[in-house]
Structure formats: C-alpha cells, structure tokens
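Now for the letters of each chain:
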Amino acid sequence: MIPAINIQQVHKSFGALHALNGVDLTIEQGEFFGLLGPNGAGKSTLINILAGLLRPTNGNISVMGYDVVDQYRQARQLLGVVPQELVFDPFFNVREMLRFQAGYFGRGRENDAWVDEVIEALGLTDKAHTNMRRLSGGMKRRALIAQALAHKPPVIVLDEPTAGVDVELRQTMWEFIKRLNREGHTIILTTHYLEEAEILCTRVGMMKQGKIVALDSTSNLLKRLPSKSLRVTLGQVELPTSLKSILKSQDNDAYIFLLSDIAQVEWILGELRSANIPVVDMQLLEADLEDVFVDLVGR
Amino acid sequence: MQADNTQLFKFRGPWTLFKKEIIRFWRVSFQTVAAPVMTALLYLLVFSHVLDKRVEVYPGVSYTAFLIPGLIMMSLLQNAFANSSSSLIQAKVMGNIIFVLLTPLTYLELFVAFLAASIIRGLVVGLGIYLVAIIFIDLPLAHPIFILAFAILGSALLGAFGIIAGIWADKFDQMAAFQNFIIMPLSFLSGVFYSIHSLPSFWQTVSHLNPFFYMIDGFRYGFFGVGDISPWISLSVIIASFLALSGLTLAMLKSGYKLRG
C-alpha cells in the first residue's frame with residue numbers, strides 16, 4: 001500500500017540555521033502517529049513543508065504518493081492541516097468559513113452534510129452562525145479543526161491542536177478524531193501533552209535538532225525504559241543515606257525511587273523500617289512516554 | 001487523479017475564492033462602495049461649482065460633464081487596487097492567508113479569483129458614481145463599448161497591481177505608502193481634472209509616461225467621442241501594461257514570493 005506520508009532526506013535551512021537535517025520518515029495509511037520533540041526540534045518546519053507552506057532545501061515529501069512540490073495540487077487535496085496559531089477570518093461566521101474552505105478544495109453543496117456533521121461533532125452547532133471574531137479561544141480552536149476537516153481529507157495533521165484548550169473540548173475532539181482514525185483516516189499529531197500521545201498514538205517519532213532520534217511503536221518505546229519507580233509517602237522525615245542514591249524526585253512528602261529491579265521494593269521498605277519511618281502510602285509506577293522523551297531528547 | 005497534474009485551472013475552487021472576496025467587500029460596503037462614491041461626488045460638487053462657467057476643455061462639453069468620467073475612472077482604479085491589496089495584506093497580517101495557501105488552488109486560480117473580485121469592486125464603485133452623477137448632469141454615451149472596455153481593463157490592471165502590492169507589503173504602513181506615493185499621484189496627475197493639452201509640453205510628455213492617463217483619456221473618449229489621443233493607442237498601452245503586470249503577478253504567485261518560505 002502507498003504510504004500516507006513518505007519523507008525522504010528532507011533538509012531545510014534558514015540562512016545558517018539548519019532546521020531539518022535529513023529527516024526520513026514513513027507513515028502508513030490508517031496510522032495514528034505522534035510527532036514529538038522539544039521547541040525548536042523542527043516539527044513545525046516539517047509539517048509546514050508537508051503542507052506546502054515552506055519548500056524543502058533538499059529532499060522529498062509525498063502524500064499518498066503525490067509529491068508536495070511537483071504534484072502539490074493532488075497532495076494538498078488529500079491533506080487537512082490544523083495550524084498551530086489561532087488564526088481566523090473576521091469577516092465570516094463558522095459555517096461560511098467551512099463552506100468556503102470546502103469550496104477551495106472543489107467541494108460544493110453535496111459536501112454540506114459532512115460540514116454539518118463536523119460542526120455537530122466538534123460542538124459548534126450553537127455557534128455555526130456566529131462571526132469568528134466573537135468566538136472564545138476554545139471555540140476558535142474548534143472552528144480551526146473543523147476547517148481542516150471540511151473537505152474530508154484522508155490524511156489529517158494536527159499541529160498542537162489542544163494547546164490552551166479545556167478538558168471538555170479535548171475529549172470531544174479526541175473522540176471525533178479517534179472515530180475518523182477508525183474509519184481509515186491517517187492522523188499525524190504533534191503535541192506537548194505527552195500523555196495524549198501515549199494514549200492516542202500507535203507509533204511515535206521523536207525529533208531533536210532537526211532529526212528523528214527515535215521512531216517506534218508507542219509500546220516498544222515504553223519498553224525501552226523497563227525500570228519502574230516506587231512512590232512512597234512518608235511525611236516530614238530525614239531519609240536514610242542508603243536510599244538517597246536511588247531517589248529520583250521528591251514532591252513534598254512523596255518520594256519517588258527509581259528501581260533497577262522489582263526486588264528492590266523489599267529492600268527499600270526494610271531500610272525505612274530500620275530507620276523507624278512509617279509508610280503512609282505507596283504506589284508502583286510504570287515508565288511513561290515522558291520518561292522516554294526525557295531519556296531520549298533531554299540528553 | 002493523475003490527470004490533475006497539468007491542470008492549472010478548475011472552476012469551483014477559484015469561484016469560491018472569488019465569491020468570498022465579493023462578500024468580504026460587500027459586508028463593509030459603506031466603507032468600500034458608499035465612501036468612494038461620496039468622495040467622488042464631493043470632488044464633483046466643489047470643482048464643478050468653481051470651474052464650470054470658466055473652463056471648457058472640449059468644445060460643447062461643460063467642465064462638470066468633462067470631470068465625471070475622470071472621477072469615475074479614478075475611483076474605479078483606486079478601488080480595484082484597494083480590493084486585492086487590502087484583502088491580501090489583511091490576510092497576511094491576521095495570519096488567515098494560510099486558509100488559502102493550504103488549498104490546492106494554483107497560482108493561476110488565485111490570480112483570476114483576486115483579479116475578478118477587484119474588477120467587480122471597481123465596476124460597482126464606478127457604476128455608483130455614474131448613477132448618482134447622471135441625476136444632475138446629462139452625460140452622453142458616444143462609444144459604450146469603449147467605456148466598458150476601459151473600465152474592465154483599468155480595474156484589471158489595478159487589481160493586478162494590488163495583488164503585487166499585497167504580496168510585497170508586510171505591514172499596513174507599507175501598503176499606505178503604495179496608496180499615497182504611487183496610486184494617488186498617478187491618478188491626480190493623469191488628466192482627471194484637466195486635459196493634458198492645457199499643460200506645458202514637458203509635462204505633456206511626462207503625462208504620456210503615466211498609464212493612468214491612457215485609462216482616463218480612453219474612458220472619457222467613450223463618453224464624448226473626443227480625447228487627447230486616439231483611444232486605440234490608449235487601449236494598446238493598457239493591454240500591454242496589463243499583460244506585463246499580470247506576468248509579474250503570476251511569476252510572484254508561482255514562485256511563492258513572500259507567501260511560501
């Protein structure tokens with residue numbers, strides 16, 4: 001099957017700054033893919049090249065087999081991009097904007113039922129005839145997502161879609177996006193909320209300094225850090241010296257110890273007993289995507 | 001879908017952009033249509049009151065009648081320029097230009113949509129001034145085809161110039177510089193208020209370098225059947241200027257200059 005996105009040796013320079021240094025990445029059709037990385041890693045540059053807003057210095061990107069430069073017309077037809085910035089056109093209301101956006105992609109009245117579905121699914125029904133200028137930030141974000149979906153693209157790119165968005169919208173939005181993914185749409189997500197990526201994405205690429213530094217299924221990435229942690233609530237105490245060497249972090253009365261082996265739990269509890277420190281609460285923690293992210297990207 | 005590769009123009013996409021541009025200016029028609037009509041009528045009122053009995057530019061044509069086609073054309077040109085340029089600069093500054101850039105619209109489709117909307121705005125403003133003016137003044141229509149041709153070509157030329165300005169300018173003050181230092185001087189020094197035959201020969205020569213002169217003179221010829229030069233020369237100059245500016249505009253859009261990094 002033709003990949004949804006195929007990125008080959010993409011470089012992008014802005015003068016002396018090398019934003020992308022030879023990115024290779026293939027995203028298959030139907031994937032829910034997470035593109036993660038710290039600010040300045042090159043995620044947005046890569047997405048902007050994919051969307052045709054920037055041109056690569058070198059290399060190629062194709063969408064469903066169509067080159068984004070030479071066959072931009074077909075490539076963009078297949079792509080829906082939710083931009084990171086909260087932009088809007090102050091002259092029009094939500095429904096008008098969606099109709100215009102679908103029209104630019106060659107969709108006419110026959111597309112109205114889909115536009116209505118998007119409006120309803122994103123909780124915009126009450127605001128469909130409200131001018132974009134009068135919408136709250138969260139509603140503007142919903143409208144921006146709806147605009148990217150107006151022409152029902154098979155490949156959807158969400159660049160930080162939940163930045164500054166309340167919990168309710170996040171849930172509404174993810175339910176709808178998950179549904180689209182189940183129906184076969186390919187989803188590419190960049191987010192700073194690593195929990196979201198861990199829950200939603202089946203595969204994750206991590207970028208650092210314009211390169212992909214990790215690319216694997218989310219479960220495999222989590223297995224990279226097999227270590228678990230023990231979170232113990234102790235109260236205000238002086239920790240025994242022997243335990244300080246494996247202390248990962250402390251949050252008020254809660255101490256998190258990094259375990260190299262599960263049997264270490266018994267030893268930690270023994271040390272606490274010997275020092276006459278009572279345990280108030282205790283939890284065993286699995287490594288999460290944030291740990292993997294810090295381990296790979298924070299180095 | 002492969003056949004789309006070489007297809008530079010499809011109808012529905014640019015038609016949507018054209019409709020959006022028309023609705024955009026019509027929603028603020030007090031500013032985009034009523035205001036320029038009012039300004040032109042004020043010019044007409046003041047200049048005709050002061051000069052009507054003292055100046056006769058063409059035999060048998062009152063100064064007020066002489067002035068009307070010039071004012072119509074000047075407003076038409078300024079508004080055609082304002083439509084494409086303001087739409088683009090606003091979209092760039094607000095960031096919503098991205099909604100158009102993300103679409104499969106080709107450079108030719110973008111050009112045609114913005115240009116057609118500019119022509120409509122120019123014609124609407126011109127027609128507005130004409131309809132109000134003929135309530136007070138009897139205006140002949142010697143060659144309606146010339147009137148229409150100059151009106152459409154003039155709007156198109158300035159619409160294309162507006163696209164260039166809108167792409168080039170990054171800030172509103174750069175756009176204001178375009179308006180105040182290029183469009184306004186060219187339109188005021190083009191023979192709107194006088195025949196260039198009344199000027200010293202040096203300034204007559206300078207006037208011939210101003211494309212606005214040809215648009216206004218040719219347009220006026222359409223009403224009275226007389227002009228400072230042959231309407232065919234004017235038409236040729238305008239068509240050549242339009243083709244040159246369109247070529248430049250299309251090259252800018254195709255290269256993604258200041259739009260795609």
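Here the structure is shown first, and the text comes after it.
One numbering rule holds for all chains: residues counted from 1, following each sequence as written. The naming scheme follows written order: chains are lettered A onward, ligands numbered 1 onward. Owing to the predicted nature of the model, reporting of local features is limited to residues with pLDDT of at least 70; listing and counting of side-chain atom pairs is limited to 80 or more, with chain, interface and lining totals taken over all residues. Side-chain metrics in this entry use all non-hydrogen atoms of the structure; hydrogen atoms and water are not considered.

A. Spatial organisation of the interface of chain B and chain A. We call two residues in contact whenever any of their non-hydrogen atoms come within 4.5 Å of each other. With 38 residues of chain B at the interface, the matching set in chain A holds 35 residues. Defined in terms of a 1.4 Å probe, buried area is the accessible area two parts forfeit on being brought together, summed over both. For the pair chain B and chain A, the summed buried area comes to about 3300 Å², and 59% of that belongs to carbon and sulfur atoms. Together, Phe99, Leu102 and Pro104 of chain B form the three largest contributors to the area buried by chain B at its contact with chain A, with a combined 23%. When a carboxyl oxygen of Asp or Glu lies within 4 Å of a side-chain nitrogen of Lys or Arg, that pair is called a salt bridge. Taken together, the connections running from chain B to chain A amount to four salt bridges.

B. Looking closely at the pairing of strand β4 (residues 58-63) of chain A. Residues and elements named next belong to chain A. Two strands qualify as a pair provided DSSP detects at least 2 bridges between them. Only DSSP runs of H or I reaching four residues or more are called helices, and only runs of E reaching two or more are called strands; each is numbered from the N terminus. By the bridge criterion, five bridges tie strand β1 (residues 5-14) to β4 in an arrangement that is antiparallel. Paired with Ile7 across the bridge in β4 is Ile61. Bridge analysis of β4 against strand β5 (residues 66-67) gives two bridges, and the strand direction is antiparallel. Each bridged residue has a counterpart across the sheet, and for Ser62 the counterpart in β5 is Asp67. Hairpin connection between β4 and β5: a loop of two residues separates the two successive antiparallel strands, and Met64 in this loop has a positive phi of roughly 50 degrees.

C. Broad picture of helix α9 (residues 211-224) of chain B. All names here are of chain B. In this model α9 runs 20 Å from its N-terminal to its C-terminal C-alpha over 14 residues, within 8% of the 20 Å that 1.5 Å per residue would give. The buried fraction of α9 amounts to 13 of the 14 residues, a majority that puts the element mostly inside the structure. Here a polar contact means two N or O atoms within 3.5 Å. Within protein one must be a hydrogen donor candidate and the other an acceptor candidate, and residues neighboring in sequence count only if both atoms are side-chain atoms. One side-chain oxygen at the N-terminal end of α9 lies 2.9 Å from the backbone nitrogen of Phe212; it belongs to Asn210. Backbone geometry just downstream of α9 places Gly225 in the positive-phi region, at approximately 75 degrees. By this rule, a helix spans an expected 1.5 Å times one less than how many residues it contains. Exposed residues in this analysis have more than 50% of their type's maximum accessible area, buried residues have under 20%, and partly exposed residues fall in between, with area computed by a 1.4 Å probe over protein chains only.

D. Seen up close, the layout of surface pockets. All names here are of chain B. Its boundaries defined by the atoms lining it, the largest pocket holds a volume of some 490 Å³. Grid spacing is 1 Å over the protein atoms alone, the probe is 1.4 Å, and a cavity is where that probe fits but cannot get out, while a pocket is an open set with protein on both sides within 12 Å along at least five of seven lines and lining residues have an atom within 4 Å of a point. Around the largest pocket, the lining is made up of 23 residues, and of these Gln31, Asn79, Ala82, Arg121 and Gln179 lie nearest the centre. Breaking the lining of the largest pocket down by element, the ones donating at least two residues are α1 (12-27), α2 (29-51), α3 (63-94) and α7 (172-188). Residues of the lining of the largest pocket, tallied by class, amount to 11 nonpolar, 10 polar and two charged. Grid points are joined across faces, edges and corners, and a volume is the space filled by probe spheres set on the points. Nonpolar residues are Ala, Val, Leu, Ile, Met, Phe, Trp, Tyr, Cys and Pro. Charged residues are Asp, Glu, Lys and Arg, and all others, Gly as well, are polar.

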